[in-house]
Amino acid sequence: MMSKEHLVPEIIDGKLSIKKDNMTLCQDFSLMKDRISPHRLNGEMLIKAAKIKGQENSSLTILDATAGLGEDSFLLAAAGFKLILVEYNRTIYELLEDGLRRGLEDPDISHIVSRMNAINGNSIDIIESKEFNPDIIYLDPMFPTRKKSGLIKKKFQIMQELENPTDMEIELLEAAINFRPRKIIIKRPLKAQSLGDIKPTYSIEGSVIRYDCIVM
């Protein structure tokens, strides 16, 4: 396995990227345009999980405590939510920031990216500081047992080399519960037990993953 010290970002084709073997990891939100058509977006389980009855999406702020490269946050922003993206790993954060910068220059998605604000830091500290007041906290810990294939698997392998699956997911959930937002959403493998053995208020299930929702 290549050491983390050798996974140094470089500009490739105008994008800040990590290159390993024949794989290049970067963030290009323009590649997600096909997922944000109204028909497809409204069918996304994450969007359904994030909705709060009687509230316009545009009036709600979501703190994505495990932002990664921000794909889930981009979908949520496309649905009208305001996003605070927190990423602990500095290299992943730099790739995310570069993707956001270029997204703001793309007239097709700039209105979406403008609703996304990224922060490099520890999510537990940021939640406990109460500097922000999100309506929803979203958690998607990386799980080493999560099965992926092909291109996605290769990208996930690079992500894991940069940032190991979190061993602080229980503490992160506890911080979110103590903050008492209106809702907490937790992305889980379909057959996995509830995070922290805390029973959700309800779940939205797909064929591979589910979203556990805790309503406060």
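Structure shown above.
Residues numbered from 1 in each chain as written. Predicted model: local features only at pLDDT ≥ 70, side-chain atom pairs only at ≥ 80, totals over all residues. Heavy atoms only, no water.

Chemist: Before we go on, may I ask you to explain the sheet that holds strand E4 (residues 61-64) in this structure?
Modeler: Strand pairing in a sheet is mediated by backbone hydrogen bonds. Such pairs are either parallel or antiparallel. What the seven strands build is an open sheet, ordered E6-E5-E4-E7-E8-E10-E9; its pairing is mixed. Edge positions in the sheet fall to strand E6 (116-120) and strand E9 (202-205), since each has one partner strand and no second. Ignoring which end each strand starts from, the neighbouring axes of this sheet average 20° apart. Sheet topology note: the strand E8 (residues 183-189)/strand E10 (residues 209-215) ladder contains seven bridges and is antiparallel. Paired with Ile 184 across the strands is Ile 214, a residue of E10. (Pairing = 2+ DSSP bridges. Helix = DSSP H or I, 4+ residues; strand = E, 2+ residues; numbered from the N terminus. Axes fitted to C-alpha atoms, helices over the stretch in contact; angles between N-to-C directions.)

Chemist: Mind showing me how you'd approach the side chain of Asp 64 here?
Modeler: The residue Asp 64 is located in strand E4 in this model. For Asp 64, which is buried and forms no salt bridge, the nearest opposite charge comes from Lys 187, at a distance of 9.1 Å. Within the structure, the side chain of Asp 64 is placed 2.7 Å from the side chain of Ser 73, a separation counted as a polar contact. Beyond its immediate stretch of four places on either side in the chain, Asp 64 contacts Ser 73, Leu 83, Ile 84, Leu 85, Val 86 and Tyr 138. (Buried < 20%, exposed > 50% of the residue type's maximum accessible area, 1.4 Å probe, protein only. Lys, Arg positive; Asp, Glu negative; His and termini not counted. Salt bridge = Lys/Arg side-chain N within 4 Å of Asp/Glu carboxyl O. Polar contact = N/O pair within 3.5 Å; in protein donor to acceptor, adjacent residues only side chain to side chain. Contact = heavy atoms within 4.5 Å.)

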